[in-house]
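# Descriptive analysis of the structure
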Amino acid sequence: MPGKLTKDQLEEIRQRAEVATKGFWHANIHHEWPGNENLRYWIVTLEDGLAATVTKEDAEFIANARQDIPKLLDYITELERKLHKKEFELTECNRVYLELLSKQGLKILKSK
């Protein structure tokens with residue numbers, strides 16, 4: 001997904017995060033599940049197992065996504081709010097600057 005995410009894309013991500021299993025997710029990387037070489041590490045909640053992975057790193061990544069993705073979405077929202085505020089301030093500064101230039105131009109024309 002190169003480039004900026006659209007509002008719709010961010011909203012889709014937020015909705016997926018909101019409907020995912022609630023609560024704390026944990027990667028059970030200290031105990032390998034025997035009997036299956038492909039599914040050795042479980043991602044669990046306080047209630048049940050959600051998924052299994054081949055590597056500890058994948059299990060930790062998936063388990064932390066439950067907390068990380070909402071935090072990232074909130075961070076993006078805050079950055080966008082700050083960006084819009086700065087864009088408004090810049091637009092206002094440009095308007096004032098052009099107004100001053102216009103007044104200065106009129107003064108020069110009147111003095112001729």
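In what follows, the accompanying structure is described. Note that the structure is predicted; figures quoted are calculated from it, not measured.

One ladder, built from four bridges, connects strand β2 (residues 41–44) with strand β3 (residues 49–53); its direction is antiparallel. In the strand pairing of β3, V44 is matched with G49. Turn length for the β2-β3 hairpin, with the two strands adjacent in sequence and antiparallel, is four residues.

Glancing now at the pattern of salt bridges. In this structure the tally under the stated criterion is five salt bridges. Between D74 and R14 there is a salt bridge, and its shortest N-O distance comes to 3.3 Å. With D74 in helix α2 (residues 56–111) and R14 in helix α1 (residues 7–19), this residue pair connects regions lying 60 residues apart in the sequence. Judged by relative accessible area, which is 45%, D74 ranks as partly exposed. Between R95 and E92 there is a salt bridge, with its nearest N and O atoms 2.5 Å apart. Linking R95 with E92, this pair stays in helix α2, spanning three residues, or about one helical turn. Judged by its relative accessible area of 42%, R95 is partly exposed. Residues participating in the shared-partner salt-bridge network are E92, R95 and E99.

With respect to the helices and strands, the residue T53 is situated in strand β3. Looking at T53, its side chain comes within polar contact range of the main-chain oxygen of T55, at 2.9 Å. In this structure, T53 is in contact with N38, L39, R40, Y41, I43, D58, A59 and I62, ignoring residues within four places of it in sequence.

With respect to the helices, strands and loops of the structure, A20 is situated in the loop between α1 and β1 (26–28). Between the C-alpha atom of A20 and that of R66, which follows or precedes it by 46 residues, the distance is 8.0 Å. The residues touching A20, leaving out its near neighbours within four places in the chain, are W25 and R66.

We now examine a nonpolar patch on the surface. Together, Y97, L98 and L101 give the surface a local cluster of nonpolar side chains, amounting to about 330 Å² of exposed area. Take L101: its relative accessible area is 43%, and that puts it in the partly exposed class.

Quick look at the sheet that holds β2 now. As summarised here, the arrangement of the three strands in space is β1-β2-β3, forming an open sheet in which the pairing is antiparallel. At either margin of the open sheet sits one strand with a lone partner, and together these are β1 and β3. Neighbour-to-neighbour, the strand axes of this sheet turn through a mean angle of 25°, independent of strand direction.

Rules of the game
Residues numbered from 1 in each chain as written. Predicted model: local features only at pLDDT ≥ 70, side-chain atom pairs only at ≥ 80, totals over all residues. Heavy atoms only, no water. Pairing = 2+ DSSP bridges. Helix = DSSP H or I, 4+ residues; strand = E, 2+ residues; numbered from the N terminus. Salt bridge = Lys/Arg side-chain N within 4 Å of Asp/Glu carboxyl O. Buried < 20%, exposed > 50% of the residue type's maximum accessible area, 1.4 Å probe, protein only. Polar contact = N/O pair within 3.5 Å; in protein donor to acceptor, adjacent residues only side chain to side chain. Contact = heavy atoms within 4.5 Å. Patch = residues over 30% accessible without salt bridge, like charges linked within 9 Å, V, L, I, M, F, W, Y side chains within 5 Å. Areas by Shrake-Rupley, 256 points an atom, 1.4 Å probe, with all protein chains shown as cover. Axes fitted to C-alpha atoms, helices over the stretch in contact; angles between N-to-C directions.

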